Number of protein chains: 2
Amino acid sequence: MIKFTDDELKVVKKIEQLKDEAGSHAPSFFTFKQKLPEIDIKVDACFLSNPYATDLFIEYFNKEILHTGNIRDLLQSYPSQNGVIAEILADFLKIDSKRIFIGNGAIEIIQAVIHNFTKEKIIITIPTFSSYYEYVKDGIEVVYYNLAKENDYNLDADQYITFVKQHRPDTIVLINPNNPNGGYTKIADVQRIIEELSFVKNIIIDESFIHFAYESESYQLVSLSHLVEQHPNLIVLKSMSKDFGIAGIRAGYGVMRKEYVDTLLKNGYLWNSNGLAEYFFRLYTRTDFAYKYDKVRINYIIETLEFIHELQQIPMIKVYPSMANFVLIELADGIQSTDFVSKLLISYGIYVRTCDDKIGLKGQYIRLASRSKEENDYIIKSLKDCVNTQMKLAIANETVH
Amino acid sequence: MIKFTDDELKVVKKIEQLKDEAGSHAPSFFTFKQKLPEIDIKVDACFLSNPYATDLFIEYFNKEILHTGNIRDLLQSYPSQNGVIAEILADFLKIDSKRIFIGNGAIEIIQAVIHNFTKEKIIITIPTFSSYYEYVKDGIEVVYYNLAKENDYNLDADQYITFVKQHRPDTIVLINPNNPNGGYTKIADVQRIIEELSFVKNIIIDESFIHFAYESESYQLVSLSHLVEQHPNLIVLKSMSKDFGIAGIRAGYGVMRKEYVDTLLKNGYLWNSNGLAEYFFRLYTRTDFAYKYDKVRINYIIETLEFIHELQQIPMIKVYPSMANFVLIELADGIQSTDFVSKLLISYGIYVRTCDDKIGLKGQYIRLASRSKEENDYIIKSLKDCVNTQMKLAIANETVH
């Protein structure tokens, strides 16, 4: 058990209250700053984003928007309509623009798709990103498919196929790599799932973390979005917040059959991008940016691999295999994840996400993001220190008894 | 009829094509710049926003976000959840936060409200902002209430009340001041409408242009949002794009009964604000900003009044009375609004909105926004020139015949 002083306990209470208010999600960095000014957050390791990509975006933004005075147009003018931005992406992605739906963050696409196209039964693989089950409408049957702890919460494609065939839902959802554990299912396996489950009306593949995954030694990008043309039941969606480090901009897109894009646009979403998002989408498709971005992407993957390797050496925690930019960590028996999170925040200024609200996890877990090299080093040092203190306390307690 | 050279006709075709692609809305400034680079837009008078408010926002943004380095947090961090931003507004608006719903632009609120709460029949006052009828779901009966041309498209409250009582819809919509004509209905009249029509489940009042309207000589702000507490069927919504000159940011809010806010938040919209919008909302509620904003608001109202007065002196056009930051202009017989729009764009670089797609208008109309003093002067000069040229052509034609 983690010990707190009385003063610390007051802060712990406040942290818990903030978490309660945020529901099944972590309170935002801004909310935290506003409501818990007494805490100095040194590292936001709750936050799943590539900081080097943020640097790169800011470099372009400064050069092209701030220093040119274009910021005025960006702030004051109506951004382009959904379909216009889709056209910009189409050339770059080599996907028909009529199949592309632009979202105010991936979360909007998740909601739009599940609300509009799931009519009867959805299979949700757990643990997962909570919005997937929260946005299911009343009257829709939800069936959970449990990723097995014994298999490190990785997906067993064959078992999954059998399960889906048994339950015959109209919608299934896979996040690849999965959140909150980072487990990756190879493209060939996902492709097999799609082929075997052609009777499922909506196969949603969430590729929000796919830029951190790789199958080749050169870390080449992988994606299934080009398969939508052959498989009209496939819906590939993607947040840009994580890989491009721009969560504040709110940008995402989905690739799906034309009729679905049509239906959604007839029901709103016409002007759901802001000026920053439009600038980002235009930048994203430029070869000069794409070239530089790929460098920071690969650099971040390599640093993340090192980070995970070092985490694995720390006692009292189990680090699950991950191909995302975060890891799921299971705490030793007797340590509550909420206590651990509070301790890291109060004593080290490290903000991590407790996973005690995630259905499908058996035990006490936290999710820890990979940040910059410097921040990762600080996290490793702090975690070691924290765990050592706990071990000493445990030994001291044993001596007393 | 307006004459074009062959070269101009090519551009006219392109303009018409862009308009077609944009559906019932004007193509955005960015779309125009991208697809019609041969045209140099000098004044975007399609664009309904207070340019002085944009200046003011940029002044704060530069000081507090750019020069402090806070831009990084704004770009990379997840903004706060809907309810957190609602709390910030609550104190300022003196409205319970549980009644406030934050939108990614007012358009999102319009869609959310109409999709979720209109179950049977909606009365839409025309001419209006097209989204109000476009977002009505299949199966809902739409009844149009025509604003009378003879009454300058102003609302006659008594006649309206009688009409609604006859048709007994579950939803009615009023934009005040109305778009596209700027007609204003006094608060006392709207209040009477609300009281007389207490049987209507959803009374939507769109106050997106209310900051340009006034009832006192000191141009004091008016609004009905505080009435939501007494009238649970009232839904007051508002875009911040026009009065604050920040359409690129996408910010709006709606005030409505708690159960409605609850329902919407259970169906998405949790993270629909971007970092810029969150910064704006926080700024909006600060007394230092509010004080400065009110000065630029009133200054803009006074300049707009002068602008409208000068427009009224120009022959061949009829300027309708307006309390918004734009005017509806009817063109003399024989002039097509699309031709007139093309002419203004090609010969003067002035981008205005044709209203030939607006249902409920009888005749040829354009909508012209009030911009900065300098731009307004340029618009007046150009319009006079354009009209003079047309008159000379008309006389020359008559002489020939």
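These numbers were taken from a predicted model, which means no experiment stands behind them.

1. Notes on the sheet that holds strand 10 (residues 326-331) of chain A
Residues and elements named next belong to chain A.
- Taken in spatial order, the 4 strands make up an open sheet running 9-10-13-12, and their pairing is antiparallel. Either end of the sheet is taken by a strand with one partner, and the two such strands are strand 9 (317-319) and strand 12 (353-354).
- When strand 12 meets strand 13 (residues 365-369), the two strands line up antiparallel, connected through 2 bridges. In the strand pairing of strand 13, Arg353 is matched with Arg367.
- Here helix 12 (residues 287-312) sits on the sheet in contact with strand 9, strand 10 and strand 13, set at roughly 150 degrees to strand 9.

2. Some details on a positive patch on the surface
- Residues A:Lys119, A:Lys137, A:Lys201, B:Lys119, B:Lys137 and B:Lys201 make up a contiguous surface patch of positive charge.
- Along the chain, A:Lys201 falls in the loop between helix 9 (187-196) and strand 6 (202-206).
- A:Lys201 sits in the partly exposed class, given a relative accessible area of 39%.

3. Concerning helix 6 (residues 106-117) of chain B
Residue and element names in this part refer to chain B.
- Given a rise of 1.5 Å per residue, 12 residues ought to cover 16 Å, and the 16 Å separating the end C-alpha atoms of helix 6 matches this to within 8%.
- For helix 6, the tally of buried residues reaches 11 of 12 residues, placing the bulk of the element in the interior.
- Regarding helix 6, the residues found buried are Ala106, Ile107, Glu108, Ile109, Ile110, Gln111, Ala112, Val113, Ile114, His115 and Phe117.

4. Some details on the domain arrangement of chain A
Residue and element names in this part refer to chain A.
- Each domain of chain A was delimited in the assignment, giving domain 1 (6-54 + 291-394) and domain 2 (78-286).
- One C-alpha centre belongs to domain 1, the other to domain 2, and the line joining them spans 26 Å.
- Taken residue by residue, the interface counts 36 residues in domain 1 and 37 residues in domain 2.
- Taken over both partners, the interface formed by domain 1 and domain 2 buries close to 3,000 Å², and the fraction arising from carbon and sulfur atoms is 59%.
- Between Lys149 and Glu330 there is a salt bridge, with its nearest N and O atoms 2.6 Å apart.
- The interface formed by domain 1 and domain 2 contains 14 residue pairs in polar contact (both at pLDDT 80 or more).

5. Things to note about the sheet that holds strand 8 (residues 252-255) of chain B
Residues and elements named next belong to chain B.
- Across the sheet, 7 strands lie side by side as 2-8-7-6-5-3-4; this open sheet has mixed pairing. A strand with exactly one partner marks an edge of an open sheet, and here the two such strands are strand 2 (100-103) and strand 4 (141-146). Within this sheet the neighbouring strands show an average axis-to-axis angle of 20 degrees, counted without direction.
- Where strand 6 (residues 202-206) lies against strand 7 (residues 234-239), 4 bridges are found, and the strand directions are parallel. Its bridge partner being in strand 7, Ile205 is matched across the sheet by Val236.
- Each of strand 2 and strand 8 is contacted by helix 5 (residues 82-93), which is oriented at about 120 degrees to strand 2, the strand it contacts most.
- Sheet strands touched by helix 6: strand 2, strand 3 (121-126), strand 5 (171-175), strand 6, strand 7 and strand 8. Its angle to strand 7, the strand with the most contacts, is close to 155 degrees.

Conventions adopted
- Residues numbered from 1 in each chain as written.
- Chains lettered and ligands numbered in written order.
- Predicted model: local features only at pLDDT ≥ 70, side-chain atom pairs only at ≥ 80, totals over all residues.
- Heavy atoms only, no water.
- Pairing = 2+ DSSP bridges.
- Helix = DSSP H or I, 4+ residues; strand = E, 2+ residues; numbered from the N terminus.
- Contact = heavy atoms within 4.5 Å.
- Axes fitted to C-alpha atoms, helices over the stretch in contact; angles between N-to-C directions.
- Patch = residues over 30% accessible without salt bridge, like charges linked within 9 Å, V, L, I, M, F, W, Y side chains within 5 Å.
- Areas by Shrake-Rupley, 256 points an atom, 1.4 Å probe, with all protein chains shown as cover.
- Salt bridge = Lys/Arg side-chain N within 4 Å of Asp/Glu carboxyl O.
- Lys, Arg positive; Asp, Glu negative; His and termini not counted.
- Charge placed at Lys NZ, Arg CZ, Asp CG, Glu CD.
- Buried < 20%, exposed > 50% of the residue type's maximum accessible area, 1.4 Å probe, protein only.
- Expected span 1.5 Å × (residues − 1).
- Domains from an automatic or database assignment.
- Buried area = accessible area lost by both parts, 1.4 Å probe.
- Polar contact = N/O pair within 3.5 Å; in protein donor to acceptor, adjacent residues only side chain to side chain.

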